[in-house]
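# Observations on the three-dimensional arrangement
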Amino acid sequence: MTAVFTSDFGSDVGSEQPLLSVRNAGHRYGDRFGCRDVSFDLWPGEVLAVVGESGSGKSTLLGMLAQRLSTDEGSIRYRIDDQLVDLGDLSEREVRRLWRSEWGFVHQNPADGLRMHVSGGGNVGEPLMAAGWRHYGRIRARAEEWLKRVEIPVDRIDDTPATFSGGMRQRLQIARNLVVSPKLVFMDEPTSGLDVSVQARLLDLLRGLVADLGLSVIIVTHDLAVARLISHRTLVMKDGAVIESDLTDRVLDDPHAEYTQLLVSSILQG
Amino acid sequence: MTFPRVTSNDAYLDEQTKRVIRRALLKGVAIPGFQVPFASREVPMPRGWGTGGVQVTASVIGPDDTLKVIDQGADDTTNAVSIRQFFSKVASCDTTTRTDEATVIQTRHRIPETPLSEGQIMVYQVPTPEPLRWLEPRESETRRLHALEDYGLMYVKLYEDIARYGHIAKTYDYPVIVNGRYMMAPSPIPSFDNPKLHRSPALHLFGAGREKRIYAVPPYTDVRSIDFEDFGFEPQQFKTPCAACGSVGVYMDEVIVDDQGGSIFVCSDTDHCERVAASRQEVDTRFEEASA
C-alpha cells in the first residue's frame, strides 16, 4: 500500500508545484524601489493580471520576472524539470535558453518585439532558427501555420511588419512568441495601443490561444476590462507594492482595498 | 648633394606595435574565428585601403620572406603594386607575383587559384569583421551573441534571401563557422573561394584596421559555410571558359569589350591566367614543331 501511495505521490509532485514562485521580490532604481515585497505563485495554465495606474511598478515587476531587470531583493523561482530553481542562480546562457524556448515576451509596442525590416515569415521563423531549426521548408510551413492561427493572411508572409496595421503587428508579435510553444508568456499592455474593436478581437484570439496551448500568462494592464476578460487571478499594485490579490472576479466585484474600490468605481460606464 | 634620410624601423611599424599585433595574432590562432581587438596604428595609407592587412603583414614579414599582393585577384592594380613596393622598401623582402613562390600573400578579395601549401601565410584586408552586423548594430550585443554561440540571427538573413529570391543570394563575404564554434566573416572574398578555406594547409590571418579587429584560421581547420538542410551552400559557378587562357572552374571577371554591351569572361587571378596561357603556348609550339 505504502509503495503505491508514494509512487502516486511522486507522479503528482509535478502538478503540485507552481510554475513560478515569487517571494518578497523587489527591484531597485538607484536608492528607491520600483516594486517591492511582491509574493505570489503562478500555476501552469493560469493567467495572472497585474493592474494598477501608471507608475505603480507593473512594468518593473514584469521586467524583473522576465529577468530583464535585476532582482535586488527576495527570490524568483521557476520550475525546470520539476524543480524550483532560483533564477538568480542561473547563468546568462541558461536565462537566454529560457527566453528562447520556454518564455515569451509581448511588448506594448510591436516595433520593440519585432524586426520591422524582416518579413513576417522571418519574424515568426527567427525563434525557431534560434532554437536550432535548419530546414527552410519546415520553418516556412510552421510560420504559415502560425500566421493562419493569428488571422494574418498567408499571402502577407513575405511582407515586412512595417507594411502591417497596428493590430496585425501585434498579432504577428504574438505568433512570434508562441511559435516555440513556450510555457510562460509575459505580456506588457498588449492591447493598449489598439482601437477598441481591434482590442476585442485580439483579446478573443489571445483567450483562445491561451486555453488551447495551456499557457501560463502574466499580463500587465491598466485596463480592468482586459483583466476581467482574460485572467483568472489579479494582482493590484500601487506605489510599487501589491495591495490586493485574489481571483479576478472577487477583486473586481468585491474589492477590499480602498484603492481597488476607487479603481473599480472609476471604470467608465457605457 | 645630401638627401634628407627618412628612416623607419624594419617593416615600418615600431617593435612594440608589432609585438602587440603578434600577441593578438597568437590569440586569434589559439581561438580560431574569434575577433581579437587590437590598437590599430596609423600606416601611410587611408583607413579602408587595407591598413589592417598592412599591419598584419608588417608584423609577420621578414627579410627572408617573399611577398605577393593581390587586389581583386590581380597583381598589377594600383593598390597591389604600391603595397608590394612599400614592403620591398621598408622590410627589404623579395616580392613576386607567383602564388607558389610567395611566403606571405596579402589580399582583399580573393584566395589564389593555385592551391596554397604549408608554410604560406594569407593576410586579408577586412572591411567589416562582424558577420552579425547586418542584423545587430550594437557591438556589445554581437559580442554577447558570439560568447553564447547564439547564431540564429544569421539564419534569418539566409531565410530572407530564400523567401525573396528563391535561393541564398549572398555571393561574397559569405559567413562561415570556424572549427565548429565561432561564426566568421571571411572578408569580402567570393563565396566561390569559401571551400578553399576548409582544411587549408596555409595560415590565414585577417586584419581589420578601421574596425580594430584581428582574427585567424590556423592550418587544417574546419571552415563550414552556413546553410539550410534543404537549401545547401552553393558557390558561384561560371559556364564559359576564360577568354584569355581557357581555364574552367576558376573565378571570372566580366570585362566589357565594346560599346554594344559585349563582354568576355577572364580569370580574376592574373598569375594563374598568365601561367596557364604560357604553358598552353608552350604546348602549342611543341605541337607545331612536332607536326612540321
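Since this is a predicted model, take the numbers as computed values, not measurements.

Residue and element names in this part refer to chain B. Contact geometry for helix α1 (residues 15-30) and helix α2 (residues 51-60): axes closest at 9 Å, N-to-C directions at 100 degrees. Accordingly, the angle class assigned to the pair α1 and α2 is roughly perpendicular. Between α1, through Lys-18, Ile-21, Arg-22 and Leu-25, and α2, the contact on the second element is made entirely by Gln-55, Val-56, Ala-58 and Ser-59. For the contact of α1 with α2, the class distribution of residues is 4 nonpolar, 2 polar and 2 charged.

Bringing helix α4 (residues 139-147) of chain B into the picture now. All names here are of chain B. Of the residues making up α4, those classed as buried are Thr-142, Leu-145 and His-146. Viewed along the axis of α4, the buried residues span an arc of 100 degrees, placing them on a single side of the element. Projecting away from the buried face of α4 at angles above 90 degrees are the exposed residues Ser-140 and Ala-147. The inward-facing, buried residues of α4 abut α5 (152-165) and β7 (182-184). Immediately downstream of α4, the backbone of Glu-149 shows phi near 55 degrees, a positive value.

What follows deals with the pairing of strand β4 (residues 104-107) of chain B. All names here are of chain B. Residue alternation in β4 divides its side chains into two sets, Val-104 and Gln-106 and Ile-105 and Thr-107, and both sets are buried. Two elements, strand β2 (residues 66-70) and β4, share 4 bridges in a ladder whose sense is parallel. Residue Val-69 lies in a different strand from β4, and its bridge partner there is Gln-106. Examined bridge by bridge, β4 and strand β5 (residues 121-125) share 4 bridges and lie parallel to one another. Looking at the pairing, Val-104 lines up with Ile-121 of β5.

Turning next to α1 of chain B. All names here are of chain B. An ideal rise of 1.5 Å per residue puts 22 Å on 16 residues; α1 measures up with 22 Å between its terminal C-alpha atoms. Among all positions in α1, only Lys-18, Ile-21, Ala-24, Leu-25, Gly-28 and Val-29 are buried. For α1, the arc enclosing every buried residue in end-on projection is 140 degrees, short of the 170-degree limit, so these residues lie on one face. Looking at α1, the residues exposed on the side facing more than 90 degrees away from the buried face are Glu-15, Gln-16, Arg-19 and Ala-30.

Definitions and limits used
Residues numbered from 1 in each chain as written. Chains lettered and ligands numbered in written order. Predicted model: local features only at pLDDT ≥ 70, side-chain atom pairs only at ≥ 80, totals over all residues. Axes fitted to C-alpha atoms, helices over the stretch in contact; angles between N-to-C directions. Helix = DSSP H or I, 4+ residues; strand = E, 2+ residues; numbered from the N terminus. Parallel < 35°, antiparallel > 145°, perpendicular 65-115°, else oblique. Contact = placed C-beta atoms within 7 Å. Nonpolar A, V, L, I, M, F, W, Y, C, P; charged D, E, K, R; others polar. Buried ≥ 20, exposed ≤ 12 C-beta atoms within 10 Å, placed from the backbone. Arc of directions from axis to C-beta. Pairing = 2+ DSSP bridges. Expected span 1.5 Å × (residues − 1).

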